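Chain residues, written in single-letter form:
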Amino acid sequence: MIITIEADRYFHITGLSPTEIEDSINTAVEMARDHSVSEGWQGILVTRHGPDNYTVNLSADVPDGVTVERDLPQEVPSRCRTAESSPQPCRQ
């Protein structure tokens, strides 16, 4: 599923299957590319926020005519420590 955040410039992608996500990303990249050609100074940034959560947007940080993919680091929950094993128990 593609949710347009800013027309032809910024898209949020979610999906239930890898195929659905890939198709949506490809569609969003094509829409962004079409807009980028008319502006001529921004590239396309595809960001993976999670396994089923992506954004596609025009970015001044990416050279014109280039598409860059990046993977944001996922937060890994730290192991909770009990009061017996550590003086700093988990915060709820």
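Values in this document were obtained by computation on a predicted structure and should not be read as measured data.

**Digging into the sheet that holds strand S3 (residues 43-50)**
1) Next: What the five strands build is an open sheet, ordered S1-S2-S4-S3-S5; its pairing is mixed. Lying at the two open borders of the sheet, with one neighbouring strand each, are strand S1 (2-6) and strand S5 (67-71). Across this sheet, the average inter-strand angle for adjacent strands is 20 degrees, counted without regard to direction.
2) Next: As paired strands, S3 and S5 are joined by five bridges and run parallel to one another.

**Looking at the pattern of salt bridges**
1) Next: For the coordinates displayed, the defined rule picks out three salt bridges.
2) Next: With its nearest N and O atoms 2.8 Å apart, the salt bridge here joins arginine 9 to glutamate 39. Of the two residues, arginine 9 is situated in the loop between S1 and strand S2 (10-14) and glutamate 39 in helix H1 (residues 18-39); the sequence distance between them amounts to 30 residues.
3) Next: A relative accessible area of 31% means that glutamate 39 is categorised as partly exposed.
4) Next: Salt-bridge contacts for aspartate 71 lead to arginine 48; the nearest nitrogen and oxygen are separated by 3.2 Å. Placement of the pair is aspartate 71 in strand S5 and arginine 48 in strand S3, with a sequence separation of 23 residues.
5) Next: Given a relative accessible area of 49%, aspartate 71 falls into the partly exposed group.
6) Next: Among the residues examined, arginine 48 registers a relative accessible area of 25% and is labelled partly exposed.

Cut-off values and rules
- Sequence positions are assigned chain by chain, starting from 1 and proceeding in written order.
- The model is predicted, so local features are restricted to residues of pLDDT at least 70 and side-chain atom pairs to those at 80 or more, both for listing and for counting; the totals for chains, interfaces and linings are taken over all residues.
- Based on all heavy atoms of the structure, the side-chain values leave hydrogens and waters out of the count.
- Two strands qualify as a pair provided DSSP detects at least 2 bridges between them.
- To qualify as a helix, a DSSP run of H or I must reach at least 4 residues; to qualify as a strand, a run of E must reach at least 2; elements of each kind are numbered from the N terminus.
- Throughout, an axis means a line fitted to C-alpha atoms (over the contacting stretch in the case of helices), and angles, computed between N-to-C directions, take values from 0 to 180 degrees.
- Here a salt bridge means any side-chain nitrogen of Lys or Arg lying within 4 Å of a carboxyl oxygen belonging to Asp or Glu.
- Buried residues are those whose accessible area, probed at 1.4 Å on protein chains only, stays under 20% of the maximum for their type, while exposed residues exceed 50% and partly exposed ones sit between those limits.

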